[in-house]
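Examination of the molecular architecture
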Amino acid sequence: MGEAPAISVDHLENGHSNGVYVKSEPKNIEISVEIGDRTFVIGGNHERNNFSIGVQIHDKNSNNWFSPIVLGTGPKPSQGYSAFVLEQGRILVIKKGPPRNESIWFLEVDSPYVREQKKLLGKEVVAWSKGVRGNAEKPIVISGPSGVGKGTLISMLMKEFPSMFGFSVSHTTRSPRSMERDGFHYHFADKKVMEKEIKDGKFLEFASVHGNLYGTSIESVEMVTDSGKRCILDIDVQGARSVRASSLDAIFIFVCPPSMKELEDRLRARGTETEEQIQKRLRNAEAEIKEGISSGVFGLILYNDNLEECYKKLKKLLGLDEVTSVNGVEIEEINLPTEHTVSKMEDKIIIQETGKETRNKIVLDISSLNGGAPGRTRGILVDAIKF
Ligand SMILES: Nc1nc2c(ncn2[C@@H]2O[C@H](COP(=O)(O)OP(=O)(O)O)[C@@H](O)[C@H]2O)c(=O)[nH]1
Ligand SMILES: Nc1ncnc2c1ncn2[C@@H]1O[C@H](COP(=O)(O)OP(=O)(O)O)[C@@H](O)[C@H]1O
């Protein structure tokens, strides 16, 4: 696919520039970006709240304004924005002013994820994702039948590498088990409330599993990503399929039992389910294993026979076999100048500082972007050129 024309934004406060218009009142700064027959107005009087700016769409053909459903968390209201239309239906939005580590954002208006959400919600949808520097490792989706050992393997990983992995806490309508804590193992949710939140687009995926509703909220994944950790999702096969269709660029692992008999023994030994619930889980297990192995969703299949061996293999798959403990790597802080102009050259966005006796530049290399809404767009490489 060819790249959409870049919109160059010079001196935003000067008003119109190459199709981008910016109001200058400090409180109502907005930027409008034209894509085809539509104008996307970001920020300004349409500010959603103090936490995230709003978005309005003008359709030239019908001359109608409308408010789309805005998924994900966007930038907070700011002193101004610069914008570029990128390929794959996303707009790069650079926010002026502090905080510095929250300057780069992407508004997806026609990405595969947004298109899927439009279909699902039957409404106009746009979605924010925050730009993250560097190439943090991809999230890990782990699926497998009930009792196969997913939770055990995930606990082992989190215990050995506490600073590296974070668990995405799902919502569920099932009742808590005696050892489970609300907000830690699951967010135990009321069915009606959860259904409403799904309708409002707050979930990355959801599915009915063993007669209960389960789902991953966008917020639960963002909380892990924001803490700088690699996110682990323990979700069923249907959920994994939905994540695969979303723009969350993840690794998909399916865990298989050595036999159905062993699976049954483990479920019984765990002692957390009634006989009826065990039977239901075993009935579902056969279909899940079949789908897990043959659906093409999972790139990696792990057999959990001997636990220690399986854990070793899991670490090897994740490139951790040689590692004993890992701490987060700090990326050098680079400040985006508050007063700047923006231009684009191929895969590079050049932010030129203005207003002072300086020609310092920041170059954003966006050639290897990955991930996207809802959540984070990773892979932005930043270089500072000092004069
Ligand atoms: N789609 C989806 N499935 C989930 C989610 N959270 C948990 N599950 C799956 O729901 C199933 C039942 O989980 P749970 O009630 O904890 O029982 P367990 O698998 O026997 O420990 C498992 O296959 C989980 O992987 C979620 O957020 N979304
Ligand atoms: N390789 C294994 N061999 C024997 N028991 C295991 C193994 N892996 C896990 N278990 C046990 O099986 C039970 C189910 O494991 P769990 O992690 O709760 O499964 P899941 O999260 O997939 O439902 C637990 O009691 C756990 O201690």
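Below, the structure is looked at part by part. Because the structure is a prediction, the values reported are computed rather than measured.

With that settled, the discussion passes to the site of ligand 2. Surveying the vicinity of ligand 2 reveals 15 residues, the closest of which are Gly149, Lys150, Gly151, Thr152 and Leu307. Those elements giving two or more residues to the shell around ligand 2 turn out to be α2 (150-160), α6 (260-270) and α8 (307-317). Considered class by class, the residues forming the shell around ligand 2 number four nonpolar, eight polar and three charged.

The next point concerns the sheet that holds strand β18 (residues 251-256). Adjacent strands of a sheet form backbone hydrogen bonds with each other and so pair up, either parallel or antiparallel. What the five strands build is an open sheet, ordered β12-β17-β11-β18-β19; its pairing is parallel. Taken across any chain shown, the strands that pair with only one partner, and hence form the sheet edges, are β12 (165-167) and β19 (300-303). Averaged over all neighbouring strand pairs, the angle between strand axes comes to 25 degrees, with direction disregarded. In this structure, strand β11 (residues 140-143) lies alongside strand β17 (residues 230-234), joined through three bridges in parallel fashion. Looking across to β17, one finds that valine 141 is bridged to leucine 233.

Another point: the site of ligand 1. Within the structure, ligand 1 sits among 18 residues, and Ser146, Ser170, Tyr214, Ile235 and Gly239 are positioned closest to it. Elements with a minimum of two residues in the shell around ligand 1: β15 (203-209), β16 (212-217) and α5 (237-245). When the residues that make up the shell around ligand 1 are grouped by side-chain class, the tally is four nonpolar, ten polar and four charged.

On to the sheet that holds β15. What the four strands build is an open sheet, ordered β14-β13-β16-β15; its pairing is mixed. This sheet does not close on itself; its edge strands, each paired only once, are β14 (186-188) and β15. Neighbour-to-neighbour, the strand axes of the sheet open up by a mean angle of 25 degrees, direction not taken into account. Here β15 pairs with β16 via six bridges, running antiparallel.

Procedures and definitions
- Residues numbered from 1 in each chain as written.
- Chains lettered and ligands numbered in written order.
- Predicted model: local features only at pLDDT ≥ 70, side-chain atom pairs only at ≥ 80, totals over all residues.
- Near = placed C-beta within 6 Å.
- Helix = DSSP H or I, 4+ residues; strand = E, 2+ residues; numbered from the N terminus.
- Nonpolar A, V, L, I, M, F, W, Y, C, P; charged D, E, K, R; others polar.
- Pairing = 2+ DSSP bridges.
- Axes fitted to C-alpha atoms, helices over the stretch in contact; angles between N-to-C directions.

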